[in-house]
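# Structural characterization, general
Next come the chains, spelled out residue by residue.
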Amino acid sequence: MQIQIKRSNELISYEIPFESSTLLKALYHIKNSEDNSLTFSSSCRSGVCGTCAVRVNGKEVLACSYSIQEGDLVEPLAYHEVQRDLKVNKQKVRETLRTATAWLQTPQEALINEQQVQLTAKQTDCILCDSCYSSCPVLEVNPNFIGPFALTRAYRYTADPREGNIQAIVDNIQSNGIWDCTLCGNCTEACPQGIDPKMDITMLRGTASQFGYTDPNFQAMDFGFGGF
Amino acid sequence: MLDILIIGSGGAGLSAALSAKQQGSTVLVVGKSYPTASQTSMAQGGMNAALGNVTPDSIQAHINDTIKSAHGLCNEEMVKQMCEDAPFSIEWLEKLGVPFDRTSESKVAQRQLGGASSKRACYAQDYTGLKILHTLYDNCLKENIEMLEEHLLLNLIVEEKVVLGATFLDIVTGEVKEIKANATIIATGGYGALYKNFTTNSEGATGDGIAAVLRAGGTISNMEFVQFHPTALKSSSTLISESARGEGGYLVNTKGERFIDELLPRDVVARAIFEQINSGEEVFLDIRHLGEEKLLHLMPQEVHLCRLHEGVDPITELIPIKPVAHYTMGGIDVNENLEVTGLKNCYAVGECSNAKIHGANRLGGNSLLEIISLGRLAGNNAVGCDCHHTEIENTQLQQDQEYIDGLFEEYPYEKNFYDIQNQLGVDFYTKAGIVRDNTQLNNFLNELRVIKADLEDMGIGDKNRENNTNLVDFLEFQNLLEVGEVLLDAALVRDESRGAHYKTAFPKEEDKFFKADALYWIEENVLQNRLVKVVN
Ligand SMILES: Cc1cc2nc3c(=O)[nH]c(=O)nc-3n(C[C@H](O)[C@H](O)[C@H](O)COP(=O)(O)OP(=O)(O)OC[C@H]3O[C@@H](n4cnc5c(N)ncnc54)[C@H](O)[C@@H]3O)c2cc1C
Ligand code: SF4
Ligand code: SF4
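In this numbering scheme, every chain counts its residues from 1 along its sequence in written order. Written order determines the labels here, with chains lettered from A and ligands numbered from 1. At least 70 in pLDDT is required for a residue's local features to be given in this predicted model, at least 80 for side-chain atom pairs to be given and counted, and no such filter applies to totals for whole chains, interfaces and linings, which use all residues. With hydrogens and water excluded, all non-hydrogen atoms of the structure serve as input to the side-chain values.

The subject of this paragraph is the confidence of the model for chain B. Per-residue confidence from the prediction method is given by pLDDT, with values spanning 0 to 100. Confidence in the prediction for chain B averages 95 pLDDT; 99% of positions are at 70 or higher. In the predicted complex, the global pTM is 0.97; the interface-specific ipTM is 0.96.

Right, dumping it as structure tokens:
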């Protein structure tokens, strides 16, 4: 089977001598026996460490959980600094979690029932693979956009009964945050964990309006029409 | 001067960081990967604490189960301390925001794991480790704890047995750096990757911290104890959880015969499977009779994994399986304060350490407890250390720099270490795995020493300094050889069967000689060992 890998702006073809294989296994085959310098990231091999996300034919996948097909084109994640071949710098993207202050702001005692746990069970399945970030078109025009996973995580804490100060989180995701999303749904499609950041962002907008925030895009429009 | 350097950013490292920071110390957490990529993310089953939320339980019962599983090789005081702290550890995690599942009375839900006399494991769906690790990470961000990713520990910096910090390879830039601190905590995880292609562990479980301690003159212990999980997928070693058997799955051989009661303890089932495989049989897990509806409802994840990795559909086909290495009990030898034996101002915690909790066999759910409970303890204990840094010029950085530079100069090399590493995985599995034999161990140990001596003929093909994962793989491979040598020697010495260590020729526990910890250290360039009797 043949696959192509994008390495510093060059497409290189490799012959993979397996009938079927995960992408990760194929990458290891190349590194171990053909070219030691092929560079990629991986760790757990079982889809929970979030390390091995790449793009295949333009779609984000976890290399450990994807079966290669004849002719596949493998590229690094988008909107990340490519360090080498398929390895990207995730540090800057991680900073979005700090910007979103995605944690319990003022923890309070709370009796939590299973229904409440289930409410954000999906969101807390996030493995920080950055696939959603790579799929988000807003990053193309606004590199400072907080992005889907950090907003999902912010939502997860606002929905936690232990959070005593929801507003603090809501305040921190206003600029470059919830209102910048176009609700295109790419992130939802890209997520290997079945998380729906688009929905979480919609929920956060609802919460934000309870605290008096409105969609700045509409405000801008109002002004454009003379401030009715 | 940095107060505390924490090496390793899994559950143990992050817990230590949070507690030390809370005491007002300055902390820096350094890891070779991103924190959330640590092996802690893989834990599914749960974390033990005798809360008795679902079935009656007591701390004493938790202590008793742990001691029983340890087969005489634990420090009962340490076990007691950890089990007593377990309910508080859960409460601590709860406060940080871990989304544990709940009972109908809104208490933390608990499930049964093997070897426990009650439903004791607190869980967050099948992602207990993931959710604990990510919540710890979120809290480290909140507390503004400084974290350095992609820095690979090379060596500890030691002057007269006092640890002054460590040297690292910055994987991204290729620079060799030193980081000094008043106290150093090692939390680098286990050495399951020795059993490459025959382990559930992550690729990074290469025993780096353990090897570094050994090189620095510290002591490691009980390296021969490795726990095997009976059911992993044959080609990928992906874990198929115990629930498949719990729900009524069968184990069958090529002839279609069942050969063992599937619900016996892990080590017994693993041994039975291994014997079948050794006698030329293939072994399969058969869950077809459970029916499609039940399978898709109860274990969708497993069904998906079988299709992906084995190309079989478990609804209509048999699942090829093998038992694989799952947890490493041995590690850096520490005292009750988690200080590393033979070194000062240096602590070790988590799977990299041997805190005399798990002894000869770990109880499921006790390792997550260990990393949280003892992780916090390590952080607290390291507070206030002062290593009285001397101005003596230390040459560690220079030595490590020279070694790495050398790897970039030498070319070509004759032997491909990846091939050797793959073969080592097979050899560890078949010769130092579930059932052991002295002749095999001895021959293998000799072979491994030859490989060590041949290291000069191996090297890196990738000569680019930046983001060189070939270099990282090679350094990890060397660590594996060092800890592997000790594992083999210790397995050879221990002429008995105890917990996870089983020798056909010595099928019983021999307390007279071997109710003892096997200590290893290097003195004047020679590996030394001693058995130290365990008295409780
Ligand atoms: C599939 C699976 C399922 C499991 N299920 C359970 C369960 O249900 N319950 C339970 O209690 N236990 C379970 N365990 C065991 C448990 O997950 C581990 O023992 C525990 O998480 C280890 O945590 P740790 O912090 O000590 O190490 P790890 O989480 O392995 O972290 C080690 C850290 O050290 C870093 N590191 C390593 N080497 C270096 C170096 N050279 N330089 C710098 N950094 C380095 C790594 O990057 C990582 O950040 C399971 C394990 C596996 C593999
Ligand atoms: S829905 Fe929003 S966050 Fe998700 S990809 Fe589209 S624009 Fe980005
Ligand atoms: S939300 Fe999904 S795609 Fe995004 S980082 Fe988390 S797991 Fe990955």
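Let us look at the site of ligand 2. Residue and element names in this part refer to chain A. Neighbouring ligand 2 are 14 residues, the closest being C136, C181, C184, G185 and C187. Put simply, DSSP marks the helices as runs of H or I at least four residues long and the strands as runs of E at least two long, and each gets a number from the N terminus on. Mapped onto the shell around ligand 2, the elements with two or more residues apiece are α8 (186–190) and α9 (197–210). Of the residues assigned to the shell around ligand 2, the class counts are 10 nonpolar, three polar and one charged. Nearness is defined per residue: one heavy atom within 4 Å of the molecule or strand is enough. Residues are grouped as follows: Ala, Val, Leu, Ile, Met, Phe, Trp, Tyr, Cys and Pro are nonpolar; Asp, Glu, Lys and Arg are charged; every other residue, Gly included, is polar.

Another point: the domain arrangement of chain A. Residue and element names in this part refer to chain A. Each assigned domain of chain A is listed here: domain 1 (2–89) and domain 2 (91–210). Each of domain 1 and domain 2 has a C-alpha centre, and these two points are 28 Å apart. Taken together, the contacts link 14 residues of domain 1 with 19 residues of domain 2. Each of two parts loses accessible area, computed with a 1.4 Å probe, when they are put together; buried area is these two losses added. When domain 1 packs against domain 2, the two sides together hide about 1200 Å² of surface, and 52% of this comes from carbon and sulfur. Salt bridge, as used here, is a side-chain nitrogen of Lys or Arg placed within 4 Å of a carboxyl oxygen of Asp or Glu. For the interface between domain 1 and domain 2, the tally reads one salt bridge. In this structure, K59 and E189 form a salt bridge, with 3.7 Å as the shortest nitrogen-oxygen distance. Polar contacts here mean pairs of N or O atoms no more than 3.5 Å apart (in protein, one a potential hydrogen donor and the other a potential acceptor; neighbouring residues in sequence count only if both atoms are side-chain atoms). Linking domain 1 to domain 2 there are five residue pairs in polar contact (both at pLDDT 80 or more). The set of elements that each furnish at least two residues to the side of domain 1 that touches domain 2 consists of β3 (53–56) and β4 (59–62). Partitioning the side of domain 1 that touches domain 2 into residue classes produces seven nonpolar, four polar and three charged. Here the limits of each domain have been adopted from an automatic or database domain assignment. The contact rule is simple, with two residues in contact once any of their heavy atoms fall within 4.5 Å.

So, on to the packing of helix α5 (residues 208–215) of chain B against helix α14 (residues 469–493) of chain B. Residues and elements named next belong to chain B. Packing of α5 against α14 brings their axes to within 9 Å, and their N-to-C directions diverge by 70 degrees. The angle between the axes of α5 and α14 places the two elements in the roughly perpendicular class. Where α5 crosses over α14, the two elements pack in a sense that is left-handed. Between α5 and α14, the residues in contact are D208, I210, A211, L214 and R215 and E476, N479, E482, V483 and V486, respectively. Residue classes in the contact of α5 with α14 are distributed as five nonpolar, one polar and four charged. In this analysis an axis means a line fitted to C-alpha atoms, helices contributing only their contacting stretch, and an angle means the value between N-to-C directions, from 0 to 180 degrees. What sets the label is the angle itself: under 35 degrees gives roughly parallel, over 145 gives roughly antiparallel, 65 to 115 gives roughly perpendicular, and the rest give oblique. Definitions for this section: a left-handed crossing has its near helix turned counterclockwise from the far helix by less than a right angle. A right-handed crossing has that turn clockwise.

On to the environment of B:F506. Residue and element names in this part refer to chain B. By secondary structure assignment, the location of F506 is in the loop between α14 and α15 (511–514). For every residue, the accessible area (1.4 Å probe, protein chains only) is compared with the maximum for its type, and the residue is labelled buried under 20%, exposed over 50%, or partly exposed between those bounds. Given the relative accessible area of 30%, F506 is considered partly exposed. Residues F506 and N155, 351 residues apart in the sequence, show an inter-C-alpha distance of 38 Å. Other than its neighbours up to four places away in sequence, F506 contacts N438, D495, E496 and S497.

Turning next to the pairing of strand β7 (residues 151–159) of chain B. Residue and element names in this part refer to chain B. For β7, the tally of buried residues reaches eight of nine residues, placing the bulk of the element in the interior. As judged from the eight bridges shared by β7 and strand β8 (residues 162–170), these two strands associate in the antiparallel manner. Opposite L152, over in β8, you have L169 as the bridge partner. Strand pairing follows a simple DSSP-based rule, namely that at least 2 bridges must link the two strands. Between β7 and β8, which pair antiparallel one after the other, the connecting turn spans two residues, and E160 there sits at a positive phi close to 45 degrees.

Let's shift gears to the pattern of salt bridges. Residues and elements named next belong to chain A. Scanning all chains against the criterion turns up 47 salt bridges over all chains. With its nearest N and O atoms 3.1 Å apart, the salt bridge here joins D85 to R7. With D85 in the loop between β6 (81–84) and β7 (87–89) and R7 in strand β1 (residues 2–7), this residue pair connects regions lying 78 residues apart in the sequence. We note that D85, like R7, is buried.

Turning next to the site of ligand 1. Residue and element names in this part refer to chain B. Lining the immediate environment of ligand 1, one finds 37 residues, of which S38, T40, L153, D208 and E351 sit closest. In the environment of ligand 1, an oxygen atom lies 3.0 Å from a nitrogen or oxygen atom belonging to the backbone of A12. Measuring from an oxygen atom of ligand 1, one finds a backbone N or O atom of G45 at 2.8 Å. Those elements that place two or more of their residues in the shell around ligand 1 are α1 (11–22), β7, β14 (319–328) and α10 (366–382). Residues belonging to the shell around ligand 1 are distributed by class as follows: 11 nonpolar, 22 polar and four charged.

Let us look at the packing of aromatic side chains. How two aromatic rings sit relative to each other is set out by the distance from centre to centre and by the angle between their planes. Residues and elements named next belong to chain B. Each Phe, Tyr or Trp ring (for Trp, its six-membered ring) is paired with any other whose centre lies within 6.5 Å, and the angle between the two planes then decides the class: stacked below 30 degrees, edge-to-face above 60, tilted in between. Enumeration over the complete set of coordinates arrives at 13 aromatic pairs over all chains. Plain terms: the ring middles of Y195 and F228 are 5.5 Å apart, the flat faces sit at 90 degrees to each other, and that makes the pair edge-to-face. Residue Y195 is located in the loop between β9 (176–186) and α5, and its partner F228 is located in strand β11 (residues 226–233); the two are separated by 33 residues in the primary sequence. For F228, a relative accessible area of 6% translates into the label buried. Aromatic side chains Y195 and F428 sit 5.7 Å apart centroid to centroid with 65 degrees between the ring planes, which places their arrangement in the edge-to-face category. Remark: F428 occurs in helix α12 (residues 417–431) and Y195 occurs in the loop between β9 and α5; sequence separation between them is 233 residues. On the accessibility criterion, Y195 (0% relative accessible area) is buried. Aromatic rings pair up to connect Y195, F198, F228, F274, F428, Y429 and F444 into one cluster. Whether a charge sits over a ring depends on NZ of Lys or CZ of Arg being within 6 Å of the ring centre and within 35 degrees of the ring normal. Residue placement shows K322 over the ring face of F198; its charged tip is 4.2 Å from the ring centre.

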